[in-house]
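Chain residues, written in single-letter form:
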Amino acid sequence: MIVPEALLRASRELNVVLAAIDATAKRIDRGLAREGESADQALIDLKAAEPALTAMRRIMREDLGVSD
């Protein structure tokens, strides 16, 4: 698959955020939450990732030639 560099960058940035939230959720589930980690904070962090997801979606649509 050929993917534009801009999309790769966007996906890497989003992946870092989502992986961190996933790790936090797993620690919370196992009762091993670190200081300051909570389900509420994880949700706030996840919502903060929305602009990165929107940017990635826009880049993907542009690459495919899809307009709104």
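Structure: above.
Predicted model only: the values in this text are computed from it and were never measured. Residues take numbers from 1 onward in each chain, read along the sequence in its written order. Local features in this predicted model are restricted to residues whose pLDDT is 70 or higher, and side-chain atom pairs enter the listing and the counts only when it is 80 or higher, whereas totals over whole chains, interfaces and linings include all residues. The basis for every side-chain value is the complete set of heavy atoms in the structure, and neither hydrogens nor water enter the calculation.

As for the pattern of salt bridges
Here, a salt bridge means any Lys or Arg side-chain nitrogen found within 4 Å of an Asp or Glu carboxyl oxygen. Inspection of the entire model under this criterion finds four salt bridges. Among the ionic pairs, R27 bridges to E37, the shortest N-O distance being 2.5 Å. Of this pair, R27 sits in helix α1 (residues 5–29) while E37 sits in the loop between α1 and α2 (39–48), and the two are 10 residues apart along the sequence. Across this residue pair, the class does not change: R27 and E37 are buried. A salt bridge links E62 to R58; its shortest N-O distance comes to 3.2 Å. Here the residue E62 and the residue R58 both occupy positions in helix α3 (residues 50–64), the gap between them amounting to four residues, near one helical turn. Burial status follows relative accessibility: with a 1.4 Å probe on protein chains alone, a residue under 20% of its type maximum counts as buried, one over 50% as exposed, and anything between as partly exposed. We classify E62 as exposed; its relative accessible area is 52%. Labels follow the DSSP assignment, with helices taken as runs of H or I lasting at least four residues and strands as runs of E lasting at least two, numbered in each case from the N terminus.

Remember that the coordinates give geometry; whether it matters functionally is a separate question.
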